[in-house]
Structure formats: C-alpha cells, structure tokens
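A closer look at the structure
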Amino acid sequence: MLVGTVMRKIKSRTWKKQRYFKLQDDCMTIWYKSKKAGNATSTFSVSDVEAVREGHQSEVLLSIADEFPPERCFTLVFRSRRGNLDLVAESAEEAQSWIRGMRKLIENLENMGEREKLDQWIGDWFRKADKNNDGRMNFREVRDLLKMMNVDMNEHHAHRLFTMADKSQSGTLEDDEFVLFYKMLTQREDVLRVFQEYSGDGQKLSQNDLEDFLREEQLEGSDTQQHAKQLIERYEPSDTAKLLNAMTFDGFLMYLGSTEGSIFNPRRRGVYQDMSQPLCHYFISSSHNTYLMEDQLRGQSSVEGYIRALNRGCRCVEVDCWDGANGEPIVYHGHTLTSKILFKDVVSAVGKYAFKVSEYPVILSIENHCGVEQQRVMAQHLNHILGDKLLKSTLDGKAPIRLPSPERLFDRSTLYLPLPQSRRSPVFSFSSPTWFLGNSNVLVSCLFMPQKSKQRLSKELSDCVVYCKSVHFSSFKHSRIHSKFYEVASFTESKARKQLREAGAEFVHHNSRQLTRVYPSGFRTDSSNFNPQEMWNVGCQIVALNFQTAGEGMDLNDGLFSQNGHCGYVLKPSFMREAEKRFDPEIPQKLDGYKPVTLSIQVISGQQLPKVNIKEDSIVDPLVRVEIHGVPMDNAKQETRYIENNGFNPVWYDTLRFTIHAPGLAVVRFVVEDYDKTSKNDFVGQYTLPFSCMQQGYRHIHLLSRDGTVIPPSSLFVHIRIAGLE
C-alpha cells in the first residue's frame, strides 16, 4: 500500500477507469491520481472508511461479475451518506493486500486512545500546512494554518507562542515543536479553573480531591472511591502521579474528554432495558422507502439503502414490490422514474446484514403490488434466502394471546403486509391470522396494494406473515371494542397528526395494546422528514423516516435510538404501556406521579469547531442552540450569544434553563451554528440524546456532522444540572 497500486475504479458496467492508489507515510491518508480534472490528485482519510467488503458485494461489482473474478474485487464503504468506492485490483494478491491492510488500519484507529487520536489530528494539520514538505513550518505557514483551523488570532500573540515553541531557535517549528505550540495554543483555561478549584495544591488532584469532584460536581453517589482509582489508572499519563494515587491536569483533561466524561451516560449505551415485553411496548427504529438513496421521483434505488439502514440499527425496512420482467419481482417507487432493483437482491441484503448491529427482530414491511404468480416467487425467495431466519409460525406453535417480545424473537425476521388506507379493502386469502414479527426472526408484514379489484394474496406469501395483520383504521372506539392485538394500522403523517390532536389520550391507549405505523406524506417528493417526536408522544411504535435524508428528523431518530445498545428497540415509558394510566401528551400534569424537572445547561466553551465556509479568510462566529423535543409543553429552544471570529476555542459561560414536564419522552438536541446577520446561519455540528441518558456535572459533547458522523476533535464543554420542581 505504501508503494502504491494501479487499480480500476468501477462506477458502472461501462465506467471502468484506472487509478493509482497509494497509502501516505502517515498511514492515515489514501492518495489517488485522477485524470478527471487534468492530472488532479485526491485524498481520503482511513477514518472516513467504515468497512471493507470482499468480492462482488455491491450492485456495481455484481454488474461486472462476468468480467472480473470476486477475488480481485472489493468495496470501500464510507461513513455517512457518501457513495462507496468499488475497486478491481490487477491480481487476487494485490486485492488481499489492500483488504487486509485497510482492515488493519481501521482496527488501529478504533483502538486508539484519546491522546493518540489528538496527536494524529495535530499531525494531519502539520502535514496540510507544511507546503514545501520539508518537515518544518515557518511563521507564515503557521499563520496560514491557524486560519485553516478556524482561529483568528492576534498576530503578535501567535508570534510570541511561535517563538516560545521554537526551542531550536531555527525560526521554524519541527514536528515536536509544533505539538508544543499547539498545546500552548489550546491551553484549556476553562478546565484548569475546575481543576484548581478541587486541587489541594494547584498541581494535582489527590484521590480524595478527585472523589470530592466526582461526588459534588459529577453527582456520582455510588462508590466514588473505587471509581476515582479506576479513572487515575485509566487516564493518568504520569507513572509518578499514579504511584501517588493522584491525577495531573493532563489526566483530568483526558478523563473529561473521554467516553466517561461525555454527556451520554455510559451505563445507557449497552442493552439495559427490559426486552421481554410485547412489541407494542417499544419504539422501533423504522425506515420509509428504504430502497431509495435520493428523492422519490427520479432517485436511485439501491440495495445499499437496506445495508445502510440496517447498519444504523433500523429494525423495520420497507419494500415496495411490483411485477418485473422474466418472472422476477422488482422493487422501486411505483409510477415514478426511480431506478429498479430485484426483490431477491433486497432479501439477500437483509439476510446478510439484518443482525450485524442488533440481534433483535427485523420487520420487513412489504407493500405488495405484484400479481399472484410473482407473489409466489417472492415467497420462494423469502423462504430460500432467509431460511431459519424467517419467522414462519408462532413461537410455541399455539395461538398467542399477545404480541411476542423482542427477546423471544432474537435473531429473527418478520414479514408484515400493510393495507392501503385510501382504497377499498382487498380480498384476502389468509389461511391463518396474519402476524408481524422479526429478528433471526425476520418478521414479514405485507401491505397489499391491489392494482385490479379482487386481486388476491397468494397463500404462499400469506403463510410467510406471522404476528401482524394489517387492518383499515376506522376509529379508536371501534378498535377498543373489536380490534385484536395482532392488528396493525398504518397512518400517513397528516392522518396521524389529526388523530393525535383530536384524541391524544385515546391514541396513547390504543398504542399500549397494538402496533401503529406512521409514514411520510406522499407530497414529500424530496424525501424530507416530518418530526417523529409528535408521533412518539402518543406511543406510535413504527415511525418510518427517510434514512437517506439528513436533518432534524433523523437527528432525533438517531438520538432516541442511540441508547439501549443501539439495538433499534427502546422501551416506552411505563405511563404509555399501562392502559389504565390514560396519559394525555397535551396535559402531562394530569398524570399520576407527575414530576416535572428543571434542566440547567451552562454552555462553557467549544473546541476545534469545523470550518463551514471554504473561503480561506472565513472564520466561524459560533453560537449554540439547545432544543428540547417532547410533549407540546416541553418543546423549547434557547441560544447562547455568538462569539465573533473564533471557531477554535470560543468561550461563552452562558446558562440556558428549561422546565420539562414529561422527562421520560424528552430528547435534547445541541446545535452549533455559524452566525450570519444577513442570511440564514450555517450548520456547524449537532449532538442529540434522550434526556434520560444525560449525565450531570462537567461534560464534553462530541459533535456530529449533518450526516450523524463524528467530527473529531470538535466538542462543546458544558455543565449540567437537573433538579425536581417543588
């Protein structure tokens, strides 16, 4: 890889071009030469690559399978919504060198400590700024670098730091001198102030000092003595300090920048919830038109949409099926110009990726427009490809009395066939009640969309559906009297919104017993998303979003499902599961045990915020907005003031306060924007998490991009306090 390799970059059957790829000396950057813009070269970072797939594991490589053998082919899968890179090496040996090499580099990155990641990041900037590649930087190069890094610094101050760091007095900074310069530049006065407040001698935190800090500031009540010992062992870089059972400022800074020092409670990261309750008691991460990579009219359909959704913890994917050529059902957005993919390829992707991120059930929501013949083909593919992973009968062979739990459906897929809401109900030929389940049970749910009146559902496809019969919704009163627990109603967002406004408490009660699916309006041709929070407020479980579209809707979805092992299932609050509670999201104060809380957030500082404007002289003017998303009474937004020309280490010390009436449903979103007085602010970064997963005290918030991927080392430093109202 360091020597470099010529490989073919493949975009389609007809677009196959040779490119020279080489791993740079930093072992972090891949450089490649393209003829697209003359003799232009491009680079990408190893940290941008999420996975390496061997062989024909993409639609593009499958399309040229007859031309190049699988052992010469591989795919680099990038994080977020960036397209994959499909490559063909000249030999199987060269392909393996790159496959093994990339996987090793990715593994090394994942195993890096916080200090190593920061050193790596500093080194990347050094190489970017060292224009003549002599391993040194003069003051002019350093000044240009500061602008690249989002710092508008007084030139006199910058020169003073430069001179202090230039230990060799050569007028230039070498690698280690630049690291020293960076550390002086990034001196964390905000953290130093906290450190010195708890340090007995101003130089270190004794174990007792650290225990006081954990107890009084971080509000960690249980066994702070043991925890203090662990933190010193884990984060203190000085062996001398470790021997004294003490923590230096460097160790304290590393702890606060770590996972344990983040705003997200690490005890909520793994699966911590009761997974033995019926499916209707959980919010389920759900995708709409999963096959689409872009808009709903002309966008590309791709198996990659399913792979990406499943790899993000999605547990309900949608498949729109139509009769295709040669007797093979196809998947696409019917009556539009979106491209078409084979149903069997979708099922293969589900079989391969359904349980890599989560072992809890996957629901296949099949919108069926196929005739009986191709329905039989669909059933064959489901049975043949998914095999034992497809749930084909009730779990114990008996007629169940309630929906099964995610735990019992471990590693199964379930099929669900939804019904259209706006048409005459079709004729069904179910041999038994249709159900909906998932995981190694893939649950299949079918939405039967007849093109001709009296078109029937084939017995073979019907037999694939267990635990979820799709029904037309007439009213909550009708459901309360007549509905069975396995019946599922689907609503467009507008119909769901009408119901929740007119009868919110009834909707909550309905969803304590049955599953409800909500999907975006057909007018959202750009694949935009509605706000899922209002649907969660009434307990709707399957709130389907366009996963391919970044923005507030997906931030909230990612935030809610970031807890509980990222397994795609989140247990609803108890007042939404117990039918007798009668929770009304419009008036949460009427709930038994009503306990509002106050949330106080002091936004202290920001660190290394990304540049949003590519103009060299442009520096970010950052502000932080905190948003509470929950029941209507809780929805609120507050902002800090903006800091002029400093995206590198802005300091606010601004305090924002909120009252939260239904904390069990609240989601908190932090947004950083570049203030602009003449036009709309530019997005800089965000972080979203459930209120119930917030840690109190001094915490760092590690910012995410618009696509939901990490932007190291960008962060916010905050102080959190939560208090119950009297």
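What you see is a predicted model, and the numbers here were worked out from it, not measured in a lab.

Here is what the cut-offs are and how they apply
Residues numbered from 1 in each chain as written. Predicted model: local features only at pLDDT ≥ 70, side-chain atom pairs only at ≥ 80, totals over all residues. Heavy atoms only, no water. Helix = DSSP H or I, 4+ residues; strand = E, 2+ residues; numbered from the N terminus. Rg over C-alpha atoms; globule rule 2.2 N^0.38 Å. Buried < 20%, exposed > 50% of the residue type's maximum accessible area, 1.4 Å probe, protein only. Contact = heavy atoms within 4.5 Å. Areas by Shrake-Rupley, 256 points an atom, 1.4 Å probe, with all protein chains shown as cover. Domains from an automatic or database assignment. Salt bridge = Lys/Arg side-chain N within 4 Å of Asp/Glu carboxyl O. Polar contact = N/O pair within 3.5 Å; in protein donor to acceptor, adjacent residues only side chain to side chain. Nonpolar A, V, L, I, M, F, W, Y, C, P; charged D, E, K, R; others polar. Phe/Tyr/Trp six-rings, centres within 6.5 Å; stacked < 30°, edge-to-face > 60°. Core = buried A, V, L, I, M, F, W, Y, C linked by side-chain atoms within 4.5 Å. Disulfide = S-S within 2.5 Å. pLDDT = per-residue confidence, 0-100. Pairing = 2+ DSSP bridges. Expected span 1.5 Å × (residues − 1).

1. Re the overall build of the protein chain
- Counting its secondary structure elements, the protein chain contains 20 helices and 31 strands.
- The C-alpha atoms of the protein chain give 28 Å as radius of gyration, which agrees with the globular expectation for 726 residues (27 Å, within 12%).
- Each principal axis of the C-alpha atoms in the protein chain carries an extent, and together these give about 90 × 70 × 55 Å.
- Here the protein chain, with 726 residues, has 56% of them falling under the buried criterion.
- Of the contacts made within the protein chain by residues no fewer than 6 positions apart, 69% connect residues no fewer than 24 positions apart.
- Only carbon and sulfur atoms are counted for the fraction: they give 48% of the accessible area of the protein chain, which is about 31,100 Å².

2. Some remarks on the domain arrangement of the protein chain
- In terms of domain boundaries, the protein chain breaks down into domain 1 (5-111), domain 2 (115-186), domain 3 (189-261), domain 4 (279-576) and domain 5 (590-724).
- The C-alpha centroid of domain 5 is placed 30 Å from the C-alpha centroid of domain 2.
- Contact with domain 2, which involves 11 residues of that partner, is made by 16 residues of domain 5.
- If you look at where domain 2 meets domain 5, you find zero salt bridges.
- Counting across the domain 2 and domain 5 interface gives one residue pair in polar contact (both at pLDDT 80 or more).
- Contributions of two or more residues to the side of domain 2 that touches domain 5 are made by α3 (114-129), α4 (139-148) and α6 (175-185).
- Of the residues in the side of domain 2 that touches domain 5, the class split is seven nonpolar, two polar and two charged.

3. A word on the packing of aromatic side chains
- Scanning the entire structure with this criterion turns up 28 aromatic pairs.
- Geometrically, the ring pair formed by F252 and Y255 is tilted, given 6.5 Å between the ring centres and 50 degrees between the ring planes. Linking F252 with Y255, this pair stays in helix α11 (residues 249-256), spanning three residues, or about one helical turn. Side by side, F252 and Y255 carry an identical accessibility label, which is buried.
- Centre to centre, the rings of W536 and F561 are 6.3 Å apart; their planes meet at 80 degrees, and the pair counts as edge-to-face. Of this pair, W536 sits in helix α18 (residues 533-536) while F561 sits in the loop between α19 (552-560) and β23 (569-571), and the two are 25 residues apart along the sequence.

4. Quick word on the nonpolar core
- Counting residues in each nonpolar core, the largest one holds 64 residues, and the members touching the most others are V331, F343 and L382.
- Composition of this core by domain shows at least three residues from each of domain 4 (279-576) and domain 5 (590-724).
- Ignoring any residue separated from it by four or fewer positions in sequence, one finds V331 in contact with Y291, S301, Y306, V319, D320, C321, S339, K340, I341, F343 and V346.
- Membership of the second largest hydrophobic core comes to 33 residues, among which are L599, V620, V668 and V718.

5. Comments concerning α11
- Within α11, six of the eight residues are buried, which leaves it mostly tucked inside the rest of the structure.
- Residues F249, G251, F252, M254, Y255 and L256 constitute the buried set of α11.

6. Description of the pattern of salt bridges
- A complete count under the given rule lists 33 salt bridges for this structure.
- A salt bridge links K498 to E502, with the shortest nitrogen-to-oxygen separation between them at 3.2 Å. On the criterion of helical spacing, the pair formed by K498 and E502 is a turn pair, its members being four residues apart in helix α17 (residues 493-511).
- On the basis of relative accessibility, which here comes to 55%, the residue E502 falls in the exposed class.
- Overlapping salt bridges, with partners in common, bring together E552, D555, R625, E627, E639, R669 and E673 in one network.

7. Brief notes about the state of the cysteines
- Tallied over the full model, the rule gives zero disulfides.
- For the unlinked cysteine C314, the closest cysteine sulfur is that of C316, found at 6.6 Å.
- Using a relative accessible area of 0% as the deciding quantity, one classes C314 as buried.
- For C316, a relative accessible area of 2% puts it in the buried group.

8. Looking at unusual backbone geometry
- Positive phi outside glycine occurs at Q169, with the angle close to 55 degrees.
- Inspection of the secondary structure assignment puts Q169 in the loop between α5 (155-165) and β9 (172-173).

9. Looking at the confidence of the model for the protein chain
- Mean pLDDT over the protein chain stands at 87; residues scoring 70 or higher make up 91%.
- Contacts of residues 420-440 to residues separated by more than four positions or lying in other chains number 108 contacts, the stretch itself having pLDDT below 50.

10. Considerations on the side chain of Q499
- Here Q499 lies in helix α17.
- Residues contacting Q499, with those up to four places away along its chain left out, are F473, F476, F491, G504 and F507.

11. A word on the side chain of S479
- Following the sequence through the fold, S479 ends up in helix α16 (residues 476-482).
- Looking at S479, the relative accessible area reads 4%, which means it is buried.
- Sequence-distant contacts of S479, that is, excluding residues within four places in its chain, are made with F473, H510, R513 and Q514.

12. Observations regarding the pairing of strand β30 (residues 697-704)
- For β30, a buried count of seven out of eight residues is recorded, marking the element as mostly surrounded by other parts of the structure.
- The pairing of β30 with strand β31 (residues 710-724) spans seven bridges and is antiparallel. Bridge pairing links R699 to V718 in β31.

13. Here's the deal with α17
- Between the first and last C-alpha of α17 there are merely 16 Å, a value that for 19 residues lags more than 12% behind the 27 Å anticipated at 1.5 Å per step.
- Every buried residue of α17 is accounted for by E493, A496, R497, Q499, L500, G504, A505, F507, V508, H509, H510 and N511.
- Contacts from the buried residues of α17 go to α16, β20 (487-492), β21 (516-519), α18 and α20 (574-577).

14. Details of the pairing of strand β7 (residues 85-88)
- Every second residue of β7 is oriented toward a common face, with L85 and L87 on one face and D86 and V88 on the other, all of them buried.
- Both strand β1 (residues 5-10) and β7 contribute to a ladder of three bridges, which runs antiparallel. Counted as the bridge partner of R8 is V88 from β7.
- Where strand β6 (residues 73-78) meets β7, four bridges bridge the pair, whose relative direction is antiparallel. The partner of C73 across the bridge, within β7, is V88.
- Hairpin remark: β6 followed by β7, antiparallel, with six residues in the connecting loop; positive phi at S80, about 60 degrees.

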